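# Structural overview for review
Listed here are the chains, written in short residue letters.
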Amino acid sequence: MGRRDELIARYADDLKTKCNMTPDMDLLTKVTIGCGPSIYDADASTVAAGQPEELETVKDNFLIKKLALRDGPELMDAINKVIDTYGRSERNKYRAVVYYMLVKHFGKESVYA
């Protein structure tokens, strides 16, 4: 099992245990691959939910650029909903898990087809 596979297994476990979701493993794998090398960097692999500028980056670089969504208050609402689902007190909110939940929230699975 390679390092990426180990990380995907960890993300799937987070989705099951912390978010109470059954992950679509094919989609989770594609979202994880889409995160690129950031998944291997301790800082970049997580989302600092307490930093407004980090949430803006998620909105701008992922929701608007990657998922091609229009900017509006519903984007930040969705990010906050995902963070609440993950657990605000949860120290490590993995970027791939947050992105996966945002893809599911907006029904944008086709981006990874």
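Throughout what follows, the structure given in this document is the object of discussion. (Residues numbered from 1 in each chain as written. Predicted model: local features only at pLDDT ≥ 70, side-chain atom pairs only at ≥ 80, totals over all residues. Heavy atoms only, no water.)

### A few points about the side chain of Glu 54
Inspection of the secondary structure assignment puts Glu 54 in helix H3 (residues 52–66). Exposure remark for Glu 54: the relative accessible area of 15% places this residue in the buried category. Each residue touching Glu 54, except ones within four places of it in the same chain, is listed here: Thr 46, Val 47, Ala 48 and Arg 95. (Helix = DSSP H or I, 4+ residues; strand = E, 2+ residues; numbered from the N terminus. Buried < 20%, exposed > 50% of the residue type's maximum accessible area, 1.4 Å probe, protein only. Contact = heavy atoms within 4.5 Å.)

### Considerations on the packing of aromatic side chains
Counted by the stated rule, this structure contains 2 aromatic pairs. When the ring of Tyr 11 is compared with that of Tyr 94, the centres are 5.3 Å apart and the planes differ by 50°; the resulting orientation is tilted. Of the two residues, Tyr 11 is situated in helix H1 (residues 3–17) and Tyr 94 in the loop between helix H4 (73–86) and helix H5 (95–106); the sequence distance between them amounts to 83 residues. Pair check on accessibility: Tyr 11 and Tyr 94 agree, each one buried. (Phe/Tyr/Trp six-rings, centres within 6.5 Å; stacked < 30°, edge-to-face > 60°.)

### Observations concerning the state of the cysteines
A full pass over the atoms with the stated rule returns 0 disulfides. You can see Cys 19 has no disulfide; the closest cysteine sulfur is in Cys 35, sitting 15 Å from it. (Disulfide = S-S within 2.5 Å.)

### So, H4
Here H4 is 14 residues long and its end C-alpha atoms lie 20 Å apart, about the 20 Å a rise of 1.5 Å per residue gives. Among the residues of H4, Leu 75, Met 76, Ala 78, Ile 79, Val 82, Ile 83 and Tyr 86 are the ones counted as buried. Projected down its long axis, H4 carries its buried residues within an arc of 155°, all on one side. What points out from H4, more than 90 degrees from its buried face, is the exposed set Pro 73 and Asp 77. Looking at the buried positions of H4, the neighbouring elements they touch are H1, H3 and H5. At the C-terminal side of H4, Gly 87 shows a positive phi close to 110°. (Expected span 1.5 Å × (residues − 1). Arc of directions from axis to C-beta.)

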